Amino acid sequence: MSFWSSLLTQAFLQHALLATLLASLSCGVIGSFVVLKRIAFLAGGIAHGVLAGMGAAYLLGFSPMLGAVLAAVTMAFLLWRLTLHRRQNEEVLISALWSVGMAAGLIMIAKAPGQNPDLMTYLFGNILMVGHEQLLWMLGLDALVLLVVTALFPALAAAAFDEEFAQLRGIPVDALRLLLLVLVALTVVLLIQVAGLILVIALLTLPAAMAWHAPSVGSMMRRAVLWAAASGTAGLWLAYELDWPAGATMVLATATLFLATETKARWQARRQRGGDAA
Amino acid sequence: MSVMPVMECTGITLYRNGYKVLDGVNARLPAGDFVAMVGPNGAGKTTLLKVLLGLLEADAGEVRLFGQPPQIGRLRAGYVPQSGRFDTRFPVCVGELVAHGTLAGGWPLWRRRTAGQEAAITQSLEACGIAHLSKRRIDSLSGGEVQRALIARALAVNPQLLILDEPTANIDPSGQEALFDLLAELNRRMTILVVSHDLGLTTRYARTVWCLNRSLCSHQTVDVSAETLAALYGYPVRVIDHRPDWRST
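So, here's what we can say about the structure. (Residues numbered from 1 in each chain as written. Chains lettered and ligands numbered in written order. Predicted model: local features only at pLDDT ≥ 70, side-chain atom pairs only at ≥ 80, totals over all residues. Heavy atoms only, no water.)

Let's shift gears to a nonpolar patch on the surface. Residues and elements named next belong to chain A. A surface patch of nonpolar side chains, about 610 Å² in accessible area, is lined by Trp4, Trp237, Leu238, Leu242, Trp244 and Leu252. For Trp4, the position within the fold is in helix α1 (residues 3-9). Given the relative accessible area of 48%, Trp4 is considered partly exposed. (Patch = residues over 30% accessible without salt bridge, like charges linked within 9 Å, V, L, I, M, F, W, Y side chains within 5 Å. Areas by Shrake-Rupley, 256 points an atom, 1.4 Å probe, with all protein chains shown as cover. Salt bridge = Lys/Arg side-chain N within 4 Å of Asp/Glu carboxyl O. Helix = DSSP H or I, 4+ residues; strand = E, 2+ residues; numbered from the N terminus. Buried < 20%, exposed > 50% of the residue type's maximum accessible area, 1.4 Å probe, protein only.)

In this section: the interface of chain B and chain A. Counting residues at the interface gives 31 residues for chain B and 27 residues for chain A. With both sides pooled, the region where chain B packs onto chain A buries about 2700 Å², and carbon together with sulfur makes up 64% of that total. With a closest N to O distance of 3.0 Å, Lys50(B) and Glu164(A) form a salt bridge. When contributions to the side of chain B that touches chain A are tallied by element, the ones reaching two or more residues are β5 (77-80) and α5 (143-155) of chain B. Its residues assigned to classes, the side of chain B that touches chain A shows 20 nonpolar, 4 polar and 7 charged. (Contact = heavy atoms within 4.5 Å. Buried area = accessible area lost by both parts, 1.4 Å probe. Nonpolar A, V, L, I, M, F, W, Y, C, P; charged D, E, K, R; others polar.)

Okay, the sheet that holds strand β7 (residues 191-195) of chain B next. Residue and element names in this part refer to chain B. Strand order in the open sheet formed by 6 strands is β5-β6-β7-β3-β8-β9, and the pairing between neighbours is mixed. Each of the sheet's edge strands pairs with one partner strand only, and the pair in question is β5 and β9 (215-220). This sheet shows a mean twist of 15 degrees between the axes of neighbouring strands, independent of strand direction. The pairing of strand β6 (residues 161-165) with β7 spans 5 bridges and is classified as parallel. Considered in β7, the bridge of Asp165 is made with Val195. Strand contacts of α5: β5 and β6, with the helix running at about 165 degrees to β5, the strand carrying the most contacts. (Pairing = 2+ DSSP bridges. Axes fitted to C-alpha atoms, helices over the stretch in contact; angles between N-to-C directions.)

Attention now goes to the pattern of salt bridges. A side chain of one charge can pair with a side chain of the opposite charge when the charged atoms of the two come close. Residue and element names in this part refer to chain B. Per the stated rule, a full pass over the model turns up 10 salt bridges over all chains. Where Arg28 meets Glu8, a salt bridge forms, and the shortest distance between an N and an O atom there is 3.4 Å. One end of the pair, Arg28, is in strand β2 (residues 19-29); the other, Glu8, is in strand β1 (residues 7-16), and 20 residues separate them in sequence. What makes Arg28 partly exposed here is its relative accessible area of 37%. Owing to a relative accessible area of 32%, Glu8 belongs among the partly exposed residues under this scheme.

Bringing unusual backbone geometry into the picture now. The phi angle of most residues is negative, glycine excepted, and most peptide bonds adopt the trans form. Residues and elements named next belong to chain B. Unlike most non-glycine residues, Asn17 shows phi in positive territory, near 50 degrees. Residue position: Asn17 is located in the loop between β1 and β2. With a relative accessible area of 73%, Asn17 lands in the exposed category. A positive phi angle is found at Glu166, which is not glycine, with a value near 45 degrees.

Applying the stated criterion to the full structure yields 7 aromatic pairs over all chains. Pairing Phe77(A) with Trp80(A) gives two aromatic rings, centres 5.7 Å apart and planes at 45 degrees, and the pair type is tilted. Within this pair, Phe77(A) and its partner Trp80(A) are both found in helix α4 (residues 64-82), separated by 3 residues, close to a single helical turn. Given a relative accessible area of 42%, Phe77(A) falls into the partly exposed group. Pairwise contacts between aromatic rings join Phe3(A), Trp4(A) and Tyr240(A) into one cluster. Positioned above the aromatic ring of Trp212(A), the side-chain terminus of Arg89(B) is 4.4 Å from the ring centre. A cation over an aromatic ring shows up here: Arg153(B) above the ring of Phe165(A), its NZ or CZ 3.7 Å from the ring centre. (Phe/Tyr/Trp six-rings, centres within 6.5 Å; stacked < 30°, edge-to-face > 60°. Lys NZ or Arg CZ within 6 Å of the ring centre and 35° of its normal.)

Right, here's the structure in full:
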């Protein structure tokens, strides 16, 4: 049976597609900030550090989703606090939290009682296993992210362009920076459902990068959401038809589209320059 | 009793990694003045501007902006930073960039733009002669146009003091002159403090010159002599007085 006819009958595939589309929303909106503020490495650190929260959840026996949210928000706060005065070496701090989080997570998972079949799911995602509970989590996180960004959009956009100028206008830029990192953390948790914490960073950066040529931050976000939804759906379809791992296929589909749009943009720019010269 | 100055600072000293970047800077900026700050690279010009605006904390000394601490007084100041430090690929058009100047501090941050703010944006664009560029993305502009957009953003604040950090750095000579003409025009309604490397332009347009090299000396433009400049730069600087007659009258 083909992907599209299975979609009508198979609940797991419907859940997977719904999860992809829900992830695209935050992915495009927050991904745009990640690309514009050049904090992809920081987002990667948060994503990997999340394993500590999942490990703790395993060890202590509570919901891994809750563990992931708590760990992501804690990571965001720590990174915000440590880089607040911009005196420390940011890359080193992020690298440290990145690997310490993963190490702590691995140890806690190893010491948790019973077998642990889910480690691969956390690392690489398994969108075909997404259930009702996770969809509700995703819906809630999406609503929160979109609500906050819509409410604070003018200040967030101004601070993303020129933090110093925004500060002169009396905008609390340090608080907004913390808020943005928390939103990145929540989005990372959301995307882990789709692609796992190792592959998250591709979904957080590439759709937004495809939308870079938009006339405004708002339209960049809208385009990034569409790119994320399109490439995610294409990846899911390919994964089903080829029987490939879904998260990895989605990342490859997104990267292929990114390469295509980038090549097209460069080709157009070159042709324009050639036209101007003639 | 003298009138309250727009800005006054005393004994500003700032260390960076153990080096003294600013050494007991005293300055007084009277309302309506047009001050040019000159000095060699690394003299601390940008650093001093940031201290005056409360973006950097000095190790010693005090700043008063409009008689208040800089964190409060700066809401009445417009700041035009060096244009080179921006990511020009940022997706923002000129009109939206200028709108950043109308953002008012404090909560809530989600207020809709008022008619007054819209008017301030339009007026700022017109004052800088870039109303026709309002829909253009900033990465399609020339250096001079970007500079005018940044000035328009600062004007949208409706400032009583305009502070500019090397606004002519990426502009050709005729553009530089046009930009200083604009500043002279703006000086009719606000105080201006501009950092510039161009001594010729500076001496022509500014009424006061601040020479900064870790510490600061203030001069009236007629007083700036070859000796003053040589003392500042540490080597002889030739002075070309190309002031047109109409300005000296």
